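What follows is the residue order along each chain.
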Amino acid sequence: MIDYKKLGFKCGLEFHQQLETHKLFCNCPSIVHDDNPSINFKRKLRAVAGETGEVDLAAAFEQNKDKVFTYESCPTSSCMVEFDEEPPHEVNSEALDIVLEVALLLNCKIVDQIHFMRKTVVDGSNVSGFQRTAMVGIDGFVETSKGKVKISSVCLEEEAAKKVEDHYRLDRLGVALVEIATDPDIKDADHAKEAASIIGMILRSTGKVKRGIGTIRQDVNVSIKGKERVEVKGFQDLRSIPVVIDNEIMRQQSLSKSVPEVRKAEPDGSTTFLRPMPGAARMYPETDIVPIEITDSKLKTIKLPELLTEKAIKLEKKFNLNADLAKELIKEDIDIESYVKQFSKIDVKLLATILTAYPKDLKSRLNLDSSKLTKEHYFEIFTLLNKGEISKEAVIELMADAASGKKIDASRFKNVSEDSLKKELEKIVAKNKGASLNALMGEAMKHFRGKADGQRIMEILKTLI
Amino acid sequence: MLKNILPGDLIEVTTLDNKFLGKYFASPDKNHLVLKLDSGYNIGIKKNKIKGVKMVKKFNKKPVPKVKLDIKKGLKNVSILHTGGTISSAVDYSTGGVNPHFTPEELIAMFPEIKEIANIRSRLVRNMASDDMRFAHYNILAKEIEKEVKKATQGIIITHGTDTMHYTAAALSFILEDLNVPVILIGAQRSSDRGSSDAAMNFICATTFIAKTDFCDVAICMHKSENDDFCVIIPGTKARKMHTSRRDAFKVVNSSNIAEISYPDCKINFLGKHKKVEDRKLKLKLLKENLKIGLVKAHPQMFAEELNVYEKFNGLVLEGTGLGHFPINKIDEFTSEHSKIFNKIKTLANKMPVVMSPQTIFGRLQMNVYSPGRLIQEIGVIGNYSDMTPETTFIKLAWLLSNHPKEVKEMMLENLRGELTKRLLE
């Protein structure tokens, strides 16, 4: 057991989340795709003397490599703004609104007038040699089970280009991001995961952030007493955060001399060196963009959404669902109320389970691709179930049909009538004289799986023996 | 509230609902105080929300580390004259101001490669946006060049804002008669504060070009394409800024580039014949600084009134459509204004030289093909068969009026500085 307090554990989190809108400084769509890039160009970057007159440490590190950077791009997803051949256009107002919404949800104070800055980046990932970023919110907080975690800043910034082999692709460059940084208020490794999941939930609550792999990145800053701060990047998912933090603590403990550095979280829970920690002298004003005043009347136009956690609790209460099922419905963005309205005879819990758990079962048990199931498939199956024409046991079988590209064939599962069910069951009992109830049940289910309700079969069998 | 507080000072600002610690940052905004926070971010704080400002620490500007300038034997002496613009300025990170960097030491600090290429002298002539340039500035530059030539410089680099750099290049081409050193103008389309600036490459290529060749003329050195791989040397009278923002904004018009320079290895490839250094004496043929030259563009729905303003001018350049036309035909009840335009041009052409130039930029005037062209020539408009850009035509007219006022008509179509191309290949 690690005694975090005794170690002088200090930890803060940083998030980069892509926003669901067009690029921040031009009218290109924020789409990442793999078309054949038809635009290619080559650039060199020079380290530029920073605030102190010295060339910034991180900048110098890259400059030593004396590289020629090659860029490729599709005409559909980037333009001269990304090629650094045209100054930025007006700031995407939709992106600014989303970041204001996030900042307010994180209880931040909004900066009176936001100023875009140029943050020097010379690894080639920004064609311009800098990333544009502006501080929008400060001094916020989120509540966690271990107390408040303060939010030091919420910034609006542009994404960097994506490295592909030995060059950069520009489709991602300029995509609008919200950057959230917490104070070093994280108490232990598990707390880091909890805070990260709360902030992630708040981001998703807006419904205006991108979803899917690579659209959110978490960085963790870790240090212990007597050792320098290390930034760990590249977490695959939240679950790996505690392990990586604990491993990083142990690594730092074993060092006789530590330096501030940026490290990468590896899938095995260890970290590897990426680059030295960039210095503070790398930020200066983006003179191509005028400062933006955030007035009180502007803030009044920002509508705050209900948090996903609140939504889940509401569902839980309204339909008497268990907490996990409610959360799952929210996470999957399933509008259960509309299903309940349409298919009123189906139990809500069953509906929710079919919509959330069954697709996963298809994958894990039958190795089928549930994404092939369309709304229409669900509608067809629910209609049969709602009319009582099939039993709930048939549902997964019919979903399997759809997932494997076959037509949904309910005929083999059409419920047998009470009369014929009884007759058939009598036959089975007669055939298996002396068999236990369980054995009879097993035999009966072979015939009637999906065609009759299991509970009803049991009831009839009980009367027959 | 901000008494005695200077940019760079660390201050504590108390507002109605918050407290900020940061460096005071220069800003033209009257309603906001701009603070550079410890994180590096700037924020604007509404001044009417501020309750108090407290000085925490006065700014102590660290002296720029001195670079020692050795004169290296075997290297050419190159003089750098700065006129301002993007290329020779740098952001002061602590105060937010943009300051020119023009001393040799500052230049060497920004572009250390230079000291291996040439021994440089450097000074600021003016610090201005190129849009503010007037004929007086061309004369000042010419005189400064002459001074450097007298001090035995072997080449001149002029750093210049890009917007009107082609006018300056044309002006110097005419003013510097019997030029005996190369004069290369350079600019930057991306500011030198950023890693991706084109300033260094343009500067290094221009310096190398002077250092390694016997070229002797006025030219512009800028990017060849959007790649950082080649610079081109464009003749001073045949260059034009053809893009608002791209690195390769400058293009040669109706001629060909003089040379290409690869980067970073700086191999020079001449693309044709070039003027070479010879033993001759530089003469300054300056521009008259009070000259009024007009430049007016033909367009649909034109009114004769638009030409009224030129009555008291010394000369006028017309930017004609197509092969050299203006709306001068009365063809129906809607075009009677065109007779007025025709008469107006006639009046002006009687008073001053009126010169046609192509608003298409590329190609040659051919004013005999259609009747408007012939009619315009008949009333005294000159310039037929010219392939000069409107900008070069404008400068040449000013120069002729300054130095050869009686021979404007004859000399306008005489090739003096490579401004006219007899054979167009594209």
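Residues numbered from 1 in each chain as written. Chains lettered and ligands numbered in written order. Predicted model: local features only at pLDDT ≥ 70, side-chain atom pairs only at ≥ 80, totals over all residues. Heavy atoms only, no water.

Residues and elements named next belong to chain B. An order of β9-β6-β10-β12-β13-β14-β17-β18 is seen for the eight strands of this open sheet, with the pairing classed as mixed. Where the open sheet ends on each side, the last strands, each with one partner, are β9 (118-124) and β18 (268-270). Averaged over all neighbouring strand pairs, the angle between strand axes comes to 25 degrees, with direction disregarded. Across four bridges, the pairing between strand β6 (residues 76-82) and strand β10 (residues 156-159) is parallel. For Leu81, the partnering residue across the bridge sits in β10 and is Ile158. Most of the contacts of helix α2 (residues 135-150) go to β6, to which it runs at about 160 degrees, and overall it touches β6, β9, β10 and β12 (183-186). (Pairing = 2+ DSSP bridges. Helix = DSSP H or I, 4+ residues; strand = E, 2+ residues; numbered from the N terminus. Axes fitted to C-alpha atoms, helices over the stretch in contact; angles between N-to-C directions. Contact = heavy atoms within 4.5 Å.)

Residues Leu106(A), Leu156(A), Ile180(A), Ile245(A), Ile336(A) and Ile390(A) are the most contacted members of the largest nonpolar core, which totals 122 residues. Discounting residues that sit within four places of it in the chain, Leu106(A) has contacts with Gly140(A), Phe141(A), Val142(A), Ile151(A), Val154(A), Ile180(A), Ile199(A) and Ile202(A). Ranked by size, the runner-up nonpolar core spans 53 residues in total, among them Leu81(B), Ala142(B), Met222(B) and Met412(B). (Core = buried A, V, L, I, M, F, W, Y, C linked by side-chain atoms within 4.5 Å. Buried < 20%, exposed > 50% of the residue type's maximum accessible area, 1.4 Å probe, protein only.)

Here we come to the interface of chain B and chain A. At the interface, 45 residues of chain B touch 43 residues of chain A. Here chain B packs against chain A, burying approximately 3,700 Å² in sum over the two surfaces, 50% of which is carbon and sulfur. The interface formed by chain B and chain A holds nine salt bridges in total. Between Glu85(A) and Arg247(B) there is a salt bridge whose closest N-O contact spans 3.2 Å. Between the two partners, chain B and chain A, sit 26 residue pairs in polar contact (both at pLDDT 80 or more). The element contributing the most residues to the side of chain B that touches chain A is strand β4 (residues 42-46) of chain B, with five residues. (Buried area = accessible area lost by both parts, 1.4 Å probe. Salt bridge = Lys/Arg side-chain N within 4 Å of Asp/Glu carboxyl O. Polar contact = N/O pair within 3.5 Å; in protein donor to acceptor, adjacent residues only side chain to side chain.)

Attention now moves to the pattern of salt bridges. Residues and elements named next belong to chain A. Throughout the structure, instances matching the rule amount to 64 salt bridges over all chains. Taking the shortest distance from any N to any O, the salt bridge between Arg43 and Glu85 comes out at 3.4 Å. Of this pair, Arg43 sits in strand β2 (residues 39-44) while Glu85 sits in the loop between β3 (68-73) and α3 (93-105), placing them 42 residues apart in sequence. In this pair, the class of Arg43 matches that of Glu85, namely buried.

On to the packing of helix α7 (residues 308-319) of chain A against helix α8 (residues 323-331) of chain A. Residues and elements named next belong to chain A. The N-to-C vectors of α7 and α8 enclose an angle of 130 degrees; their axes lie 8 Å apart at closest approach. In terms of axis orientation, α7 runs oblique to α8. Read as a crossing pair, α7 and α8 show a hand that is right-handed. In this structure, α7 uses Leu308, Lys311, Ala312, Leu315 and Glu316 to contact α8, whose residues at the interface are Ala323, Ala326, Lys327, Leu329 and Ile330. (Parallel < 35°, antiparallel > 145°, perpendicular 65-115°, else oblique. Left-handed = near helix turned anticlockwise from the far one by under 90°.)

Residues and elements named next belong to chain B. Domain assignment breaks chain B into domain 1 (10-57), domain 2 (76-284) and domain 3 (293-412). With centres defined by C-alpha atoms, the gap from domain 2 to domain 3 works out at 32 Å. Opposite the 16 residues of domain 2 that make contact, domain 3 presents 15 residues. When the two sides are added together, the surface that domain 2 and domain 3 hide from each other amounts to roughly 1,400 Å², 68% of it contributed by carbon and sulfur. Interface area lost by domain 2 to domain 3 is led by Tyr167, Phe174 and Asn254, which between them contribute 41%. If you look at where domain 2 meets domain 3, you find two salt bridges. Ionic pairing is found between Lys238 and Asp387, a salt bridge with its closest N-O pair at 2.9 Å. Here domain 2 is connected to domain 3 by six residue pairs in polar contact (both at pLDDT 80 or more). Of all the secondary-structure elements, those providing two or more residues to the side of domain 2 that touches domain 3 are α2 and α3 (165-175). Ranked by residues supplied to the side of domain 2 that touches domain 3, first place goes to α3 with six residues. Counted by class, the side of domain 2 that touches domain 3 contains 10 nonpolar, three polar and three charged residues. (Domains from an automatic or database assignment. Nonpolar A, V, L, I, M, F, W, Y, C, P; charged D, E, K, R; others polar.)

Our focus in this paragraph is the sheet that holds strand β20 (residues 293-297) of chain B. Adjacent strands of a sheet form backbone hydrogen bonds with each other and so pair up, either parallel or antiparallel. Residues and elements named next belong to chain B. Pairing in this open sheet of three strands is parallel, and the strands run β20-β21-β22 from one edge to the other. In this open sheet, the two edge strands, each paired with only one partner strand, are β20 and β22 (354-358). Put simply, the sheet's adjacent strands are angled 25 degrees from each other on average, direction ignored. Bridge count between β20 and strand β21 (residues 315-320): five bridges; the pairing is parallel. Each bridged residue has a counterpart across the sheet, and for Val296 the counterpart in β21 is Leu318. Running at roughly 165 degrees to β21, helix α7 (residues 390-403) makes contact with β20, β21 and β22 of the sheet.

With that settled, consider the pairing of β22(B). Residue and element names in this part refer to chain B. Here β22 lies mainly inside the structure; five of its five residues are buried. The two faces of β22 match: Val354, Met356 and Pro358 on one face and Val355 and Ser357 on the other face are all buried. Sheet topology places β21 next to β22; five bridges connect them, and they run parallel. Bridge assignment links Glu319 to a residue of β22, and that residue is Ser357. With helix α5 (residues 336-351) bridging β21 and the parallel β22, this β-α-β connection has right-handed handedness. (Right-handed = clockwise from strand over helix to strand, strands pointing away.)

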